[in-house]
Amino acid sequence: MQYENAKKEAFERTCFISRPADCMVLHLRAPKGKVSVEVMLNRAKYFDRTGKVNDHTIYLSGNLGKNALEFAMCLSAKAKGGRVYTMGHTLVVKGADEAVLYFGADSTFRSASADVASWEPRVQDVLAEKITEKLERAMAREYGELLAEHEKDYREFYDRVALSLPEKEENAALPTDERLQRIISGGTDEGLAKLLFDYGRYLLIGCSRPGDLPATLQGIWNKDFMAPWDSKYTININTEMNYWPAEVCALPECHTALFDLIGRMREHGRSIARRMYGCRGFMAHHNTDLYGDCAPQDNWIPATIWTMGAAWLCTHLWMHYSYTQDLEFLKWAYPVMAEAALFFVDFLEEKDGYLVTNPSLSPENVYILPNGEQGCCCMGATMDLEILRELFTGCKKAAEILGDAVDEAEIPDVSDMRKLQKEINAALEKLPPIRIDSTGRVMEWMEEYEEAEPGHRHVSQLYGLYPSDQISMDKTPELAAAAAETLRVRLANGGGHTGWSRAWIINFYAKLWDGEKAWENICQMLAKSTYANLFDRHPPFQIDGNFGVTAAIAQMLVQSREQEVILLPALPKAWEQGTVKGLRLVGNAGIALAWKDGRLLQCRVTADQAYEGEIVYGSVRRTVKLKAGETIVLDERLQEIEE
């Protein structure tokens, strides 16, 4: 794209993607008659045609191979002053005061409906026609109206939560690259934590709405024709991390795109379970794609032969229910969770009186045998068993909640759902406990191996600390101490060197109630793993770190588990005062907090339905029972006060 410039004259460019209008809108404004634009649609390869739709619209269309997706994209323009016309496959705006460009795209992945299929072989043309109609509707409206509609749609989600932290006025006025440089140079900027938190929510709202595909490793912001990691879903932590902030940050609708993908995975996962392992149920390995592929991908053994992908994803179903208490959702989710558990009912084998996975591995890590050889395959890696404890427990609780409705659930190869649930419960009881090795760390494997890379980016054995609650400061203090030692050794050996790994570490310290370590690692993430536009750096850009740190900041302020809420568990001294409102609690309630000089001033809990939980602040505990719609306000002693 090119447009004329004039010395000392202001040119304005505003771009947004409107969900209500389903198109990208680019607004250009300049001194009278100075906007001149020539635009072509291009693609590195794999397209068939470009051309003119009408005198203000051009298109590009193509397919991705035999029996693959057909796609089309269109670009339209209108202007105030000047002219708009097409010249070959080029869209031209000449001598305008203002110009607005509208871009839309579609493919047969989304529009594989009868009205498209019946037009074969003109599928690309039909797609282009449908896109053009959509753009014409947008063009018929004023630019300001489209922008206001877009902002209202976005604000509906974004304004649910608000965080304030100490921030110097002079820092807030600086661009992000200069603020980051201050951190790199050893300075402080507490306000950047708030910006990271808000940015993560913004990104999730922008890339994962109902009906969308889930957020990939780069959300929707991949800039390359050949995308890093093929724009697939790495499900041995990265995709899951993308959705850690969804529930606590009041964005449950954003979670549903992931659930749709899990639904598509089931049929593929059943086939792989039967063909590779001779088991019922469904499973997935460490990677999947938009079609829900569940077969092993790549040939790198430390990641490839890992059977826990579907199991981990299905823990998000229970997470969603635990926050929303949506019974209709649970009726859909329970058979999905139970079918993922069924695979392991068949797959687990007994060792030393326990049920363990075999083969197994601890994602992407490698151990050293006493004879010096390196390996990764094992029996019963700690993370496997922590994930299964989470999944099996979720199934057990879901079945208790659903009661007789369990009989209505249907899973292939299962005629008696109650019998299956009894088998899941029995397997849960035979999972081995989390163990501590001779160095005081949480064991990563069943055997006490030496690590080939002590500072490895994955800290898989601490899944039980976060995102799970199997390790906690108050319920399992010995395991919490072992987790802290595990982190100390990881970091001492260079751990946290990727952005997403650092984000996971911040969550770990939040769950260990160590606000100073959590804040120290936020600063390290800003200094070493954040680009100037605040995208997380793997490198290259990888969005899970953005989502992970957003979840971590929420965890530093409020931690919620079944019938218990812990207030300000990991508040660092740098955040001596602040407020947060709109965070969500397990049990379908919202919470707002205010604090000053590092002490709680006020806690406000509002129940969306009947709610009972124990509020904990330091050594003080208070049981709260609320009716639907009821609110309670507490002071630092957790005594009820009037607002």
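Not measured: the values here are computed from a predicted model.

Draft legend 1. Summary view of the pairing of strand β23 (residues 611-617). A large share of β23 lies buried, amounting to 5 of its 7 residues. With 3 bridges connecting them, strand β19 (residues 564-567) and β23 associate as parallel partners. Within β23, the position partnered with E564 by the bridge is E614. Across 7 bridges, β23 lies against strand β24 (residues 620-626) in antiparallel orientation. Bridge pairing in β24 links V616 to R621.

Draft legend 2. Molecular detail of the state of the cysteines. Applying the stated criterion across every chain yields a total of 0 disulfides. A disulfide-free cysteine, C74 has its sulfur positioned 11 Å from the sulfur of C23, the nearest such atom. The thiol of C395 is not disulfide-bonded; the next cysteine sulfur, from C314, is found 8.0 Å away. C395 sits in the buried class, given a relative accessible area of 0%.

Draft legend 3. Focus on the pattern of salt bridges. One pass over the full model with this rule turns up 43 salt bridges. Measuring nitrogen to oxygen at the nearest pair gives 2.7 Å for the salt bridge that ties K194 to D198. Linking K194 with D198, this pair stays in helix α6 (residues 191-207), spanning 4 residues, or about one helical turn. Take K194: its relative accessible area is 23%, and that puts it in the partly exposed class. Residue classification places D198 among the buried positions, given a relative accessible area of 8%. E564 serves as the salt-bridge partner of R561, at 2.5 Å between the closest nitrogen and oxygen. Across the pair, E564 and R561 agree in class, each one buried.

Draft legend 4. Inspection of the nonpolar core at higher detail. Residues Y334, F392, L567, W575, I591, L593 and V605 are the most contacted members of the largest nonpolar core, which totals 162 residues. A total of 13 residues in this core trace back to one element, the largest contributor, which is helix α12 (residues 327-347). Sequence-distant contacts of V605, defined by excluding residues within four places in its chain, comprise L585, A589, G590, I591, Y611, I615, L626, E630, T631 and I632.

Draft legend 5. Main features of helix α13 (residues 382-402). Taking 1.5 Å as the rise per residue, α13 with 21 residues should run 30 Å; its terminal C-alpha atoms sit 30 Å apart, in good agreement. The element α13 is extensively covered by neighbouring structure, given that 15 of its 21 residues are classed as buried. Two residues or fewer after α13 comes G403, characterised by a positive phi angle close to 60°.

Draft legend 6. A look at the sheet that holds strand β21 (residues 589-596). The 5 strands lie next to each other as β10-β20-β21-β22-β25, forming an open sheet whose pairing is antiparallel. The open sheet is flanked by β10 (162-164) and β25 (631-634), the only strands paired with a single partner. Adjacent strand axes in the sheet meet at a mean angle of 20°, parallel and antiparallel pairs treated alike.

Draft legend 7. Molecular detail of the sheet that holds strand β17 (residues 450-451). Strand order across the open sheet formed by 3 strands is β16-β15-β17, with antiparallel pairing between neighbours. The outermost strands of the open sheet, each flanked by one partner alone, are β16 (374-375) and β17. For strand β15 (residues 367-368) and β17, the ladder comprises 2 bridges, and the chain directions are antiparallel. Bridging across to β17, I368 finds its partner in E450.

Draft legend 8. View of the pairing of strand β7 (residues 83-87). Looking at chain direction, β7 and strand β8 (residues 90-96) are connected through 5 bridges and run antiparallel. Bridge pairing in β8 places M87 opposite T90.

Draft legend 9. Quick peek at the layout of surface pockets. Its boundaries defined by the atoms lining it, the second largest pocket holds a volume of some 1,100 Å³. Taken together, 41 residues form the lining of the second largest pocket, with W318, D469, R561, E562 and V586 sitting closest to its centre. Only α8 (244-248), α11 (309-324), α13, β18 (558-561) and β23 provide two or more residues apiece to the lining of the second largest pocket. In terms of residues, the lining of the second largest pocket owes the most to one element, α11, which gives 8 residues. Among the residues making up the lining of the second largest pocket, the classes are represented as 14 nonpolar, 16 polar and 11 charged.

Calculation criteria
Residues numbered from 1 in each chain as written. Predicted model: local features only at pLDDT ≥ 70, side-chain atom pairs only at ≥ 80, totals over all residues. Heavy atoms only, no water. Buried < 20%, exposed > 50% of the residue type's maximum accessible area, 1.4 Å probe, protein only. Helix = DSSP H or I, 4+ residues; strand = E, 2+ residues; numbered from the N terminus. Pairing = 2+ DSSP bridges. Disulfide = S-S within 2.5 Å. Salt bridge = Lys/Arg side-chain N within 4 Å of Asp/Glu carboxyl O. Core = buried A, V, L, I, M, F, W, Y, C linked by side-chain atoms within 4.5 Å. Contact = heavy atoms within 4.5 Å. Expected span 1.5 Å × (residues − 1). Axes fitted to C-alpha atoms, helices over the stretch in contact; angles between N-to-C directions. 1 Å grid on protein atoms, 1.4 Å probe; cavity = no way out; pocket = protein on both sides within 12 Å on 5 of 7 lines; lining within 4 Å. Points joined across faces, edges and corners; volume = space filled by probe spheres on them. Nonpolar A, V, L, I, M, F, W, Y, C, P; charged D, E, K, R; others polar.

In short, the description is geometric, and any link to function would need to be established separately.
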